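Coordinate inspection notes
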Amino acid sequence: MVLIKMKILVIGGAGYIGSHTVKELVKEHNVIVYDNLETGHEELVDKKAIFVKGDLADKDKLNSVFKDNKIDVVMHFANHALVAESVENPSKYFENNVFNGINLLDVMVKSNVNKIIFSSSCAVYGIPKEIPIIEGHTLNPINPYGESKMMFERILRYYDVAHGIKSISLRYFNVAGASLDCTIGEKHDIETHLIPIILDAALGKKEYMEILGDNYGTYDGTCIRDFVHVVDVANAHLAALGYLVKNMQTKSYNIGTGQGYSVKEIIELCKQITGREIKTLIKEKRKGDPPVLVANSDRFNEEIGWNAKFSITDMIQHAWNWHQKNN
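Here is a short report on the structure shown in this document. Every value quoted in this text rests on a predicted model; they were computed, and no experiment measured them.

A separate point is the packing of helix α2 (residues 59-68) against helix α4 (residues 90-110). Contact geometry for α2 and α4: axes closest at 10 Å, N-to-C directions at 40 degrees. Classified by chirality, the crossing of α4 by α2 is right-handed. Residues Lys59, Leu62, Asn63 and Phe66 of α2 pack against Asn103, Leu104, Asp106, Val107, Met108 and Lys110 of α4. Its residues assigned to classes, the contact of α2 with α4 shows five nonpolar, two polar and three charged.

Set out below in structure tokens:
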């Protein structure tokens, strides 16, 4: 489906996934990025996009952005996303991920903007009872981060009933990689994602790569995760945009590859790709980590026509390219 050129407001567009999505969106649309830069980086925002520094808590500034621009669609990435921090400081997560999200929806209602794509998470499922996980799986988050994502998905459905706001929530699994031209990549002040942590060890920034538990009930004792390339995730947003504009239906979808890799397998692949020795140290399990998280993304593939194009080796290679250039 060929879309007419639209004006898209990307909340949190200076973050990892948001900046990659903006990089794809500006090829076809006018894009405004709204980000408070608490965890995002302005230098990652494509120069073709307009950047506005602002917080979702600031309803006056949000109102002015909507008033000054005829926004067609909102993409919302501006969520806090550290599981351990959410357990220690749940109020921070509910305030930003839920209450501030409601601020955004209320401004959308006031401004007659009725389309939003939301960055959700597989954390809404908690510890899965069945693998691969389908969208109909029970939602049972086990931490405030996952709870905040589930709550906002449900709030979106109520805003559909009350105000006609249509939404697509994309439940990502483990996002990895970097842009193919190496201009943007994963840049977190506090890094919690597996592949960049391993690559930091390969670069000598860490003495050891810590494996959090090797006695799970999996084939090698370590957690198994479904990794999906950040460019594939960005393109999933473009595909969802086309579907939402055409069909105007509120939906939730998984975004993954359907293929799981263990922590030890990812470490071995990183060794092969980097050509570096990576020392490991076994530590205690992290509380609440499910042994296996693998997506069934068939519904998104069938209804919207998206398929992941990049392999796990692509993800690691592209991430390694970025890490070498930016460390």
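Right, picking up where we left off after that structure.
Bringing the packing of aromatic side chains into the picture now. Aromatic rings in a pair are described by how distant their centres are and how their planes are angled relative to each other. Within this structure, the stated rule accounts for four aromatic pairs. On the basis of an interplanar angle of 55 degrees and a centroid distance of 5.6 Å, the ring pair of Phe300 and Trp306 is categorised as tilted. A single burial state applies to Phe300 and to Trp306, both of which are buried. Taken together, the ring pairs in this structure connect Tyr243, Tyr253, Phe300 and Trp306 into an aromatic cluster. The aromatic ring of Tyr216 is capped on one face by Lys285, whose charged end is 4.4 Å from the ring centroid.

Okay, unusual backbone geometry next. Omega for the peptide link from Ile131 to Pro132 comes to -5 degrees, which places this bond in the cis form. Topologically, Pro132 is positioned in the loop between β5 (115-121) and α5 (144-163). Despite not being glycine, Asn112 has its phi angle at roughly 60 degrees, a positive value. With respect to the element layout, Asn112 can be found in the loop between α4 and β5. Positioned with a positive phi, Met248 is a non-glycine residue whose angle comes to about 50 degrees.

Counting residues in each nonpolar core, the largest one holds 38 residues, and the members touching the most others are Val10, Leu170, Leu241, Ile255 and Phe300. Secondary-structure elements contributing two or more residues to this core are β1 (7-11), α1 (16-25), β2 (30-35), β4 (73-76), β6 (166-172), α7 (230-247), β10 (251-255) and α9 (298-304). No other element matches the nine residues that α7 contributes to this core. Not counting chain neighbours up to four residues away, the residues in contact with Leu241 comprise Leu3, Met6, Ile8, Leu25, His29, Val73, Met75 and Ile117.

The next point concerns the environment of Thr138. For Thr138, the position within the fold is in the loop between β5 and α5. We classify Thr138 as partly exposed; its relative accessible area is 47%. With 135 residues separating them along the chain, Thr138 and Leu3 place their C-alpha atoms 35 Å apart.

On the basis of which strands lie adjacent, the open sheet formed by seven strands has the order β3-β2-β1-β4-β5-β6-β10 and parallel pairing. Only two strands of the sheet have a single neighbouring strand rather than two, namely β3 (50-53) and β10. Averaged over all pairs of adjacent strands, the angle between their axes in this sheet comes to 20 degrees, without regard to strand direction. Together, β4, β5, β6 and β10 form the strand contacts of α5, whose direction differs from that of β5 by roughly 160 degrees. α7 rests against β1, β4, β5, β6 and β10 of the sheet, and its axis sits at about 155 degrees to β6.

Bringing the side chain of His318 into the picture now. Summarising the element assignment, His318 is placed in helix α10 (residues 312-326). According to the relative accessible area criterion, His318 is buried, its value standing at 13%. At a separation of 2.9 Å, a polar atom in the side chain of His318 contacts the side chain of His229. Beyond its immediate chain neighbours, meaning those up to four positions away, His318 contacts Ala178, Leu180, His229 and Phe310.

This paragraph deals with the environment of Lys264. Among the secondary structure elements, Lys264 is positioned in helix α8 (residues 263-274). Counting along the chain gives 40 residues from Lys264 to Ile224, while the straight-line C-alpha distance between them is 9.1 Å. When neighbours within four sequence positions are excluded, Lys264 is seen to be in contact with Ile211, Asp214, Asp220 and Thr222. Within the structure, the side chain of Lys264 is placed 3.4 Å from the backbone oxygen of Asp220, a separation counted as a polar contact.

Rules used in this analysis
- Residues numbered from 1 in each chain as written.
- Predicted model: local features only at pLDDT ≥ 70, side-chain atom pairs only at ≥ 80, totals over all residues.
- Heavy atoms only, no water.
- Axes fitted to C-alpha atoms, helices over the stretch in contact; angles between N-to-C directions.
- Helix = DSSP H or I, 4+ residues; strand = E, 2+ residues; numbered from the N terminus.
- Left-handed = near helix turned anticlockwise from the far one by under 90°.
- Contact = heavy atoms within 4.5 Å.
- Nonpolar A, V, L, I, M, F, W, Y, C, P; charged D, E, K, R; others polar.
- Phe/Tyr/Trp six-rings, centres within 6.5 Å; stacked < 30°, edge-to-face > 60°.
- Buried < 20%, exposed > 50% of the residue type's maximum accessible area, 1.4 Å probe, protein only.
- Lys NZ or Arg CZ within 6 Å of the ring centre and 35° of its normal.
- Core = buried A, V, L, I, M, F, W, Y, C linked by side-chain atoms within 4.5 Å.
- Pairing = 2+ DSSP bridges.
- Polar contact = N/O pair within 3.5 Å; in protein donor to acceptor, adjacent residues only side chain to side chain.

Purely spatial values, then, with no claim about function.
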